[in-house]
Structures are given as C-alpha cells and as structure tokens.
Amino acid sequence: MGAPPAPALGQVKAQRFDYLWLALGFLALWQGLFALSGPEALASPAATLARALRYLQTPQFWVHVHSTGTAFVYACVVALLGGLALGLWLGFRRFAGEVADPILGSLYSIPKITLYPVILLIFGLGVSAKVAFGAIHGLFPVAIFAMNGVRKVAPIYLKTAHVMGLSPWATVKTVLIPAAMPEIVTGLRIGFSSTLLGTLIGELFASNAGIGFILIRAMEAHNVPDIMALTMLLFTFAATANGLLLLLERRVRHGLPSGR
Amino acid sequence: MSRVAVTRIALVLAAVATIEGLCRIGVIDRFTMIPPSEMVVALARLLTDVKINADIVFTLRNIAVAIVLSVVGGFAVGVLLHAVPRLRAVLDPLFSAYYSVPTFVFYPLLIVVFGVGPTSLIVMGAMFGIVAMIVNTLIGLDRIPRVLGKVARVMRLDPWRSVLLVRLPAATPHLVTGIKLAVAYSVIGVVAGEFILATAGIGRRISFAYNDFDNRTMYGMLLFILTMVVIVNSLLHEWERRLHRRWGK
C-alpha cells in the first residue's frame, strides 16, 4: 500500500541546502528528545551512528545481511514475476479481471502481519517462511498495478493493432505491454518496497538469522543503541533503493510514448 | 445479480470448500489449520466469552483512537506542508520510503516512554497511519482544479467559504483515499504492537493461542479480525469509488 508517486511539484524544487537544513533540524530534534528522555529510551545521534558504523565493520553482521538478502531475492522473484504474470493475465481477460478485482483488493488490504502464525505453522521457522511472508506482501500490489495498466490502454491502440493485422502475441508484446509500462513500473517499485518490508517482518517473528532477527533480539534485550542503529541502516537502504526506483519510474514515464 | 458477481462468489466459495475438503481428508493436518467451518464455530463460541470480548473492545478502542489521531493529524500536517512547498519537496522522498521500513521497531522505545498499555499501542497505530493521510492530503490539495479557485473568486466567496464550499469538497476523493489507508495502517500498527508486547487485545490473544497450540482460539480470532478489516475496507472502498466517479477521477 505504498504511497502513490507524488504528482509533479512543478514550481518548487528542493534546493541543495534545504536537505542540509532538514538534516540539521532532524539532528537537533533527535538530540533534544534524547536530552529530554534520557539514554533509557533513546540513543544519541552520535552513539547511533558509531554503533551503525561498527555494525558495518563486523563480519557477523554481513552474514545476517546475506541471510536477509537471499530471502529477499527469492521473495522478489516470486512476488514480482508472479504478480506480473497474474496481473497481465487478469488485464487481458476482462471478465476474469472483473471477477478478481475486489478479491485482489481485499487480499492487498488485509493486515498480513496477523497471518504470521499461519505462515509459521505451514512453513516452519526458516528461509521458506521469510520468503512466503515477503512474497505475500509484494505479490498483490504488482498484480493490481499491472492489471489496471493493461485495462487502461486506450482502445484505439488495440484497433490499430487489429487493422495492422498483428498476431495476438505481437499485440501483447509491441502494443499492450509498452502502453501499460508506466503502471507496471510503479507496481514493481511498490512491490519491491512491500516485499522488503514483508521479508523483514517475517524475520522479526519467524527466523534464526537475518537483520530482522538481530533487530528482534536487540528489542528483547532492550538494547536501545542497537535498535536505533539497525533502524537507521534499514531506513537508509530502503530510502536509497526507493529513490533509485523512483528515478527509473520517472524515466520510463517520460520515455513514453515511444515512437512505435 | 451480474454474471461477474455470481462467478466471484462461486470462486470464493470453491476456494473455501477446497480448504475445507483438504482439512477434512487430512492433507492439511489439524496442527496447521482447522477446517473453515470449525473456525466459524470457534469464533461463535469466542464471542460469548467475556474475557475475549474485553480483548476485542480493548483493541477496537485503541484502533479507533489511532485512526482519529492519524486522520486529524495527517490532514493538519498535510495542509501545513502544502503551504510550505520547499519543506514539502525536502520531505517527499522521506514519505515515499516510509512504508518500506518496519516502523514497529520503534515499539520498544514507545514502551519505555509510555509504558505497556493502550498509549503505546495507540501511538504505534497513529505513527503507522499518519503518513498515508499526509501524502493523500497533499495529493488532494494538489489536484484541486485551478478553475475552481477562480470561480470562488468570481462568486466573491470569502476565504472561509471558499475553503469550506469549494476547496475541501474538491479534495474530498483523495482525503477519503487517505482515510481508507490510515484505517488499514492503524489496524496493522495496533495489532503488530499487541503481537510484540501488550497486556491485552486481539493480537496478544492470537500470539498467546499460537504459543499454546490452541488453534481454535487462534483461527477464531484471525477470522474475526480479517472479516472485520475486509468489511470496513470494502465499505470505504465503495465510498471512495463513488466520490472519484462523481468528481471525474
């Protein structure tokens, strides 16, 4: 359920120094809260950064990163490819799409976190539970966006394809998919984020290795600097990945309509 | 009823019947899942249990407060940010990455600050829901057609009336989308908090039952919360669809 892409801001762009001010303001706020609440509740910015840097230097940390990464890649393959296949098919078959639309919407909106006991009972502790958890988070947004993308293709394109005597497969490949591309890319971006979130949640509740696992261990031990350092690292990674995908998305949207 | 609706209902019933069958003949063992019919029976029994009802009331109340906080707060922040585009441009990437990080890692910190109890859960739910509301408020305000502002001026509406009679109604479809998402996220926040650590609530009841191998209670409660979410969500979705159609997207 990621945020839809912000519409063009047009007039106002952030200036270079604005980010600096934001960072400074954020640090000041953080430091202030720290001074107010004390080290029991929060770690200071400096301590958090130091802890994060120390994490990056320990080999053990990279073992956990690898574990999370592996599960995430598998979950992405299932969610993105599966979602795309399902969404495209439902988009082409109007009747099937109309039947499935509200079902997909409901599956997308249910709080999947409540399903964690079920996933655990089915898959047991370990990689498969993490992958399953990541995949059920990412699959539905990808499918929904792909389906809507194909549905919204202007009928005139299809008529043109028909007039030109394209075979069904050529129509799909050269007309439908390129025309639906912007929606598909948005879906893939949101699916990517959701899958990452799902994989991490899976690790919080259902694993013995990975970033989510060391996070829950830090939570149980009430190790505040560890919690905050890990959160910072995760947020940095997620924000960077999301930013890159947004960039890609804008490029695809501007690249259209191609002269085919 | 249309052919689409009939097919849809048939599809859902067939899926449930398949699971029921697989459970009955033992392909899915009882420790993994109980047959759907037994889930319904279990839920019916749970609803007559006073202690369970207290848990349900506890969770629903927390969710309701979290929803109100995130909708009101998100709207206020959205309006504020809309007035300061530079700040908004800076914060935008933050908002779009917000939902790819498991926010409830902050839950233990909330417990330290607010203690184990409803306040931590409410803050958790509100933290989850507020960003969706902020983002959709911004989108709604962005998409108010410029011509409407001109019409308001031609009609000589005072600023108050122009907001109340023109701008707010024009932004309503997106505000409703925001409310819908804020509701969904508040539920996730509160229930996730209860899973991790709480003194009462549906989430705690489910994780307790899971640890106890008490599949009847677990699936009964799961059925309750999922049914509730699906119903509320489809109602909001229908409202949203009508508004979007009336306002022509």
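Residues numbered from 1 in each chain as written. Chains lettered and ligands numbered in written order. Predicted model: local features only at pLDDT ≥ 70, side-chain atom pairs only at ≥ 80, totals over all residues. Heavy atoms only, no water.

Structural notes on the overall build of chain B
To be explicit about the condition: By the criteria applied, helices consist of DSSP H or I runs no shorter than four residues and strands consist of E runs no shorter than two, each listed in order from the N terminus. Any residue under 20% of the maximum accessible area for its type is buried, any over 50% is exposed, and the rest in between are partly exposed; the area is computed with a 1.4 Å probe on protein chains only. Calculation of accessible area relied on Shrake-Rupley with a 1.4 Å probe; when residues are assessed, cover is drawn exclusively from the protein chains displayed. When charges are counted, neither His nor the chain ends are considered; positive counts come from Lys and Arg and negative counts from Asp and Glu. Charged side chains are reduced to one point each, which is NZ for Lys, CZ for Arg, CG for Asp and CD for Glu.
Looking only at helices and strands, chain B has 10 helices and 0 strands in total. Across chain B, helices and strands are ordered from the amino to the carboxyl terminus as α-α-α-α-α-α-α-α-α-α. The dimensions of chain B, computed from C-alpha atoms along their principal axes, are 70 × 55 × 35 Å. Every one of the 249 residues in chain B was classed for burial, and the buried ones make up 49%. When the accessible surface of chain B is totalled, it reaches about 12,500 Å², and 70% of it is carbon and sulfur. Averaging the coordinates of the 25 positive side-chain charges in chain B and doing the same for the 13 negative ones gives two points 14 Å apart.

Focus: the packing of helix α3 (residues 59-92) of chain A against helix α8 (residues 168-205) of chain A
Residue and element names in this part refer to chain A. Keep this limit in mind: Think of each axis as a best-fit line through the C-alpha atoms, taken over the contacting stretch in the case of a helix, with angles from 0 to 180 degrees between the N-to-C directions. Put simply, a crossing is left-handed when the front helix is turned counterclockwise from the back one by less than a right angle, and right-handed when it is turned clockwise. A contact between two residues is defined here by any heavy atoms of the two lying within 4.5 Å. Three categories are distinguished: nonpolar for Ala, Val, Leu, Ile, Met, Phe, Trp, Tyr, Cys and Pro, charged for Asp, Glu, Lys and Arg, and polar for the others, with Gly belonging to the last.
Their axes nearest at 8 Å, the elements α3 and α8 cross at an angle of 145°. Considering how the two elements wind past one another, α3 and α8 form a crossing that is right-handed. Side by side, α3 and α8 meet where S67, T68, A71, F72, A75, C76, A79, L80, L84, L88 and F92 of the first sit next to V172, L176, I177, I184, L188, G191, F192, T195, L196, T199, L200 and E203 of the second. For the contact of α3 with α8, the per-class residue count stands at 17 nonpolar, 5 polar and 1 charged.

What about a positive patch on the surface?
All names here are of chain B. We apply this condition: Residues qualify for a patch when their relative accessible area is over 30% and they have no salt bridge, like charges being joined within 9 Å and the nonpolar side chains of Val, Leu, Ile, Met, Phe, Trp and Tyr within 5 Å. What counts as a salt bridge is simple: a side-chain nitrogen of Lys or Arg found within 4 Å of a carboxyl oxygen of Asp or Glu.
A surface patch of positive charge is lined by R146, K150, R153 and R167. It is helix α7 (residues 146-154) that contributes the most residues to the positive patch, 3 residues altogether. Examined against the element boundaries, R167 turns out to sit in helix α8 (residues 159-196). With relative accessibility at 37%, the residue R167 sits in the partly exposed group.

Side note on the confidence of the model for chain A
Rule in force here: For every residue, the pLDDT score states the predictor's confidence, bounded by 0 at the bottom and 100 at the top.
Residues at a pLDDT of 70 or more form 92% of chain A, whose mean pLDDT is 83. Long-range and interchain partners of residues 1-11 of chain A, a stretch whose pLDDT sits below 50, account for 28 contacts in this model, where long-range means more than four residues apart.

Quick word on the interface of chain A and chain B
As a reminder, the rule being used: Polar contact is the term for a pair of N or O atoms within 3.5 Å; when the atoms are in protein, one must be able to donate a hydrogen and the other to accept it, and sequence-neighboring residues count only if both atoms are side-chain atoms.
Between chain A and chain B, the contact holds 57 residues from the first and 60 residues from the second. Summed over the shared surface of chain A and chain B, the result is 0 salt bridges. Counting the contacts that link chain A with chain B gives 3 residue pairs in polar contact (both at pLDDT 80 or more). Sort the elements by how many residues they give to the side of chain A that touches chain B and helix α10 (residues 224-255) of chain A lands first, with 10 residues. Taken together, the residues of the side of chain A that touches chain B break down into 42 nonpolar, 10 polar and 5 charged.

As for the side chain of A:E249
Residue and element names in this part refer to chain A. Checked against the element boundaries, E249 lands in helix α10. Looking at E249, the relative accessible area reads 2%, which means it is buried. Polar contacts involving the side chain of E249 include one to the side chain of T186, which spans 3.0 Å.

Focus on the packing of aromatic side chains
We count it as follows: Aromatic pairing here means that ring centres of Phe, Tyr or Trp (its six-membered ring) are within 6.5 Å. Orientation follows from the plane angle: under 30 degrees is stacked, over 60 is edge-to-face, and everything else is tilted. Whether a charge sits over a ring comes down to the Lys NZ or Arg CZ being within 6 Å of the ring centre and within 35 degrees of the ring normal.
Scanning the entire structure with this criterion turns up 7 aromatic pairs over all chains. An aromatic cluster is present here, built from A:Y55, A:F61 and A:W62 joined pairwise through their rings. For A:R51, the ring lying beneath its charged end belongs to A:Y55, and the centroid distance is 4.2 Å. Sitting above the plane of the B:F208 ring, B:R204 keeps its charged end 5.1 Å from the centroid.

With respect to the nonpolar core
Selection rule: Joining through side-chain atoms within 4.5 Å is the link that ties buried Ala, Val, Leu, Ile, Met, Phe, Trp, Tyr and Cys residues into a set, and such a set is a nonpolar core.
Core analysis: the largest hydrophobic core is formed by 100 residues, its most contacted members being A:I113, B:F104 and B:Y219. Among the elements that line this core, the one with the most residues is α8(B), at 13 residues.

Quick look at the pattern of salt bridges
Residue and element names in this part refer to chain B. Within the structure shown, the criterion is met by 14 salt bridges over all chains. Its salt-bridge partner being R216, residue E38 comes within 3.4 Å of it at the nearest N-O pair. Residue E38 is located in helix α2 (residues 36-46), and its partner R216 is located in helix α10 (residues 215-246); the two are separated by 178 residues in the primary sequence. By relative accessible area, which is 37% here, R216 ends up partly exposed. A salt bridge links R88 to D142; its shortest N-O distance comes to 2.9 Å. Of the two residues, R88 is situated in helix α4 (residues 85-98) and D142 in helix α6 (residues 118-142); the sequence distance between them amounts to 54 residues. A cluster of three or more residues bridged by salt bridges with shared partners is formed by E20, R24, R30, E38 and R216.

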